[in-house]
Amino acid sequence: MNRETAFNLVLAAVLLAAPVIAFAANEPFYVALATRIAILALAAAGLNLALGFGGLVSFGHAAFFGIGGYVAGIFASHAMYSEPLPFGLPATDQMPVIWLVAALLCALAALPIGAISLRTTGVYFIMITLAFAQMIYYFAISWPAYGGEDGLSIPVRNSFVGLNTANALHFFLICYAVLMAALALTWRIRDSRFGMALQAARQNEVRLAAVGIRPFRIRLTAFVLSAVLTGLAGALFADLNRFASPSMMSWHMSGELIVLVILGGTGRLFGPVAGAILYVLLEYALGGMTERWQLFLGLILLGVVLFARGGVVGLVAGKARYD
Amino acid sequence: MTEPVIEIHNLAKSFGGLRATDDVSLTLRRGEIHALIGPNGAGKSTLIHQICGTLMPDSGSIRLLGQDITTLDAAARAQLGLGRTFQISSLAPDFSVLRNVMLAVQGRQRSSFRFFGNVMADRSLTDPAMKALSQVGLETRAAIPASELSHGERRQLEIAIALALGSKALLLDEPMAGMGKDGSRALTDLLDVLRRDTPILLVEHDMDAVFALADRISVLVYGRIVASGSVAEIRENPEVRAAYLGARP
Ligand SMILES: Nc1ncnc2c1ncn2[C@@H]1O[C@H](COP(=O)(O)OP(=O)(O)O)[C@@H](O)[C@H]1O
Ligand SMILES: [Mg+2]
């Protein structure tokens, strides 16, 4: 087993063990903290697919995070009052159905956003993904039926067959399982033919075209998959907070996701997990000491970019290698 | 006489006021090595780029095996069997040498939308890739990142990639540059074998290699073909001697 695999297993074990112990010790706050880590790691794992493996610096992934959140919120409120959903869909509070709808809507949104944004590269790509996300953000806050600027509260967390989602540990385990499934998927994709083409597109698109593979389609597919994973995280995040907030779609959130990926290690399988652990713990530790904790986060990020380009995973396991 | 593999008619391309390709017509026939020579800045690379689709011509047409490919993009042309090397090597630098070639095998198989299955355990990718690497003599370097190769080895790798693509025609832009004497001799031998299956349009400054390999030579000066003929004809041509060969004893 190489160093990176060992480190990944340690991260997975710690992220599972900590909330189980906290729960046993009757410390629900720390269970919620671990849940927040798992969900942000999932959102960042989605972004990592586009940014890390594909080199696509999307500054608009909060849009998908928010779409997922609103799907959870809208389903929850309709289920509460047994009102049918738009398009005559029956109301349900079952998470798997909600996730499926969130995934589909994110894919539907990501397809045109990606198709247009991927005509550009570099700073223009960053700006156009940001612009799309802002459009969706302003749409959300001007939509009074679902809370407008106030957001949408979720009085009762959506449910999952056989589990009690109101139980902090049960809900954590759901989030953890989805995260692990997403990481397993990312791992398979990374090592697949598609993954090879995607990583080649990041390194040299002229080379990719010269062997008969169109970079555009590869990137668009990755962008859509990436949006779907981030959207799933959004649905869980809204259920965690029992609240779908427009701030989930704000550019701060997009920036936060990028920060998570870079902190953890861009294009590393467990980079998003390492990044989310570090980020949430810093937020917790520094946020308790000073209101300006983001200033310190900025300094740490600067340090990572200047001195540890591989992020946490890079520091521990060295540079990524392709055999 | 069979139809040419590549057929270029009246190709023109300007960069602002500069005519980089000026009414060029050219063919590449089955089994031949057609050398394209000319001083720096004559427009050789620009011509290769237009044949491969990385640059679009202003006018004129390009056919591959009878099919008009003038408006196709680079990926489509590669799928039809145009293999090329770049004057300045263009590789996936983080990938191993083997992976760079596997990418071409995958491109040839049009199988890039498979999301599962580890590529390194996939013999249908690794076997053809290793075969192409041993053809160019790079098999012992398969596992190292492409960025760690020497200049000459990068050229060899690009040729392996073009071979793995199953190319029906090869366009090589100065493949000998940066190779030592031994390297260029080995590559000369390889190209001599390859031409039996795959005709080659060869841009090259190494005159020993050109004279040893070429069936025909065309001389490009300021974007125009000023002479075209057999090795003997080009050697004798006074205009060529003055414009080009004379300047490079
Ligand atoms: N993208 C470009 N934009 C403007 N001028 C170019 C471009 N590419 C090549 N040129 C010019 O076109 C001419 C031909 O260049 P090139 O095809 O690279 O020559 P060669 O390969 O024969 O040395 C040169 O004068 C070069 O400066
Ligand atoms: Mg050139």
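The model shown is predicted, which means the values in this text are computed figures rather than measured ones.

Let's shift gears to the nonpolar core. Residues and elements named next belong to chain A. Within the largest apolar cluster, 99 residues are counted, with the highest numbers of intra-cluster contacts made by Leu15, Leu236 and Val273. The greatest single-element share of this core, amounting to 15 residues, is contributed by helix 2 (residues 28-53). The contacts of Val273, once residues within four sequence positions are left out, are Leu11, Leu15, Ala41, Leu179 and Leu183.

For the rest of this paragraph, the subject is the coordination of the magnesium ion (ligand 2). Protein-derived coordination of the magnesium ion (ligand 2) comes from B:Ser45 (OG) and B:Gln87 (OE1), at a distance range of 2.0 to 2.1 Å. With a gap of 42 residues between them, B:Ser45 in helix 1 (residues 44-52) and B:Gln87 in the loop between strand 6 (82-85) and helix 3 (97-109) connect regions that are remote in the sequence.

This part covers the domain arrangement of chain B. Often the size quoted for an interface is simply the accessible area lost on bringing the parts together. Residues and elements named next belong to chain B. Per the domain assignment, the segments of chain B are domain 1 (1-81 + 168-249) and domain 2 (92-166). For domain 1 versus domain 2, the distance between C-alpha centres works out to 25 Å. Taken together, the contact pairs 13 residues of domain 1 with 12 residues of domain 2. Taking both sides of the interface into account, the surface hidden between domain 1 and domain 2 amounts to around 1000 Å²; carbon and sulfur atoms contribute 68%. On the domain 1 side of the interface with domain 2, the three residues burying the most area are Gln79, Met179 and Leu190, jointly 35% of the side's total.

Throughout the structure, instances matching the rule amount to 1 cavity of 30 Å³ or more. Taken as a whole, the largest cavity spans an internal volume of roughly 80 Å³. As for the largest cavity, its lining consists of A:Val206, A:Ala209, A:Ala210, B:Cys52, B:Thr54, B:Ala74, B:Arg77, B:Ala78, B:Leu82 and B:Arg84. For the lining of the largest cavity, the secondary-structure elements that each account for two or more residues are helix 8 (205-210) of chain A together with helix 2 (74-80) and strand 6 of chain B. Residues belonging to the lining of the largest cavity are distributed by class as follows: 7 nonpolar, 1 polar and 2 charged.

At the junction of the two partners, chain B supplies 42 residues and chain A supplies 30 residues. Together chain B and chain A conceal approximately 3200 Å² of surface at their shared face, both sides included; 59% is due to carbon and sulfur atoms. Broken down residue by residue, the surface that chain B buries against chain A is led by B:Phe95, B:Leu103 and B:Phe115, which jointly contribute 19%. The interface formed by chain B and chain A contains 4 salt bridges. Note that B:Asp122 and A:Arg193 form a salt bridge whose closest N and O atoms lie 2.6 Å from each other. At the surface where chain B touches chain A, the tally comes to 17 residue pairs in polar contact (both at pLDDT 80 or more). Broken down by secondary-structure element, the contributors of at least two residues to the side of chain B that touches chain A are helix 2, helix 3, helix 4 (123-136) and helix 5 (151-164) of chain B. Tallying contributions element by element places helix 3 of chain B first for the side of chain B that touches chain A, with 8 residues. Grouping the amino acids of the side of chain B that touches chain A by side-chain chemistry returns 22 nonpolar, 12 polar and 8 charged.

All names here are of chain B. Reading across the sheet, the 6 strands line up as 6-7-8-3-9-10 and stay open at both edges, with mixed pairing between neighbours. Because the sheet does not close on itself, it has two edges, and the strands there are strand 6 and strand 10 (224-229). Neighbour to neighbour, the strand axes of the sheet diverge by 15° on average, direction disregarded. Pairing between strand 7 (residues 169-173) and strand 8 (residues 200-203): 4 bridges, direction parallel. Of the residues in strand 8, the one forming a bridge with Asp173 is Val203. Of the strands in this sheet, strand 6 and strand 7 are in contact with helix 5, which crosses strand 6 at around 175°. On the sheet, helix 6 (residues 181-194) packs against strand 3 (33-37), strand 7 and strand 8 and is oriented at approximately 155° with respect to strand 8.

Conventions adopted
- Residues numbered from 1 in each chain as written.
- Chains lettered and ligands numbered in written order.
- Predicted model: local features only at pLDDT ≥ 70, side-chain atom pairs only at ≥ 80, totals over all residues.
- Heavy atoms only, no water.
- Core = buried A, V, L, I, M, F, W, Y, C linked by side-chain atoms within 4.5 Å.
- Buried < 20%, exposed > 50% of the residue type's maximum accessible area, 1.4 Å probe, protein only.
- Helix = DSSP H or I, 4+ residues; strand = E, 2+ residues; numbered from the N terminus.
- Contact = heavy atoms within 4.5 Å.
- Donors = N, O, S within 2.8 Å, 3.2 Å for Na, K, Ca; no water.
- Domains from an automatic or database assignment.
- Buried area = accessible area lost by both parts, 1.4 Å probe.
- 1 Å grid on protein atoms, 1.4 Å probe; cavity = no way out; pocket = protein on both sides within 12 Å on 5 of 7 lines; lining within 4 Å.
- Points joined across faces, edges and corners; volume = space filled by probe spheres on them.
- Nonpolar A, V, L, I, M, F, W, Y, C, P; charged D, E, K, R; others polar.
- Salt bridge = Lys/Arg side-chain N within 4 Å of Asp/Glu carboxyl O.
- Polar contact = N/O pair within 3.5 Å; in protein donor to acceptor, adjacent residues only side chain to side chain.
- Pairing = 2+ DSSP bridges.
- Axes fitted to C-alpha atoms, helices over the stretch in contact; angles between N-to-C directions.

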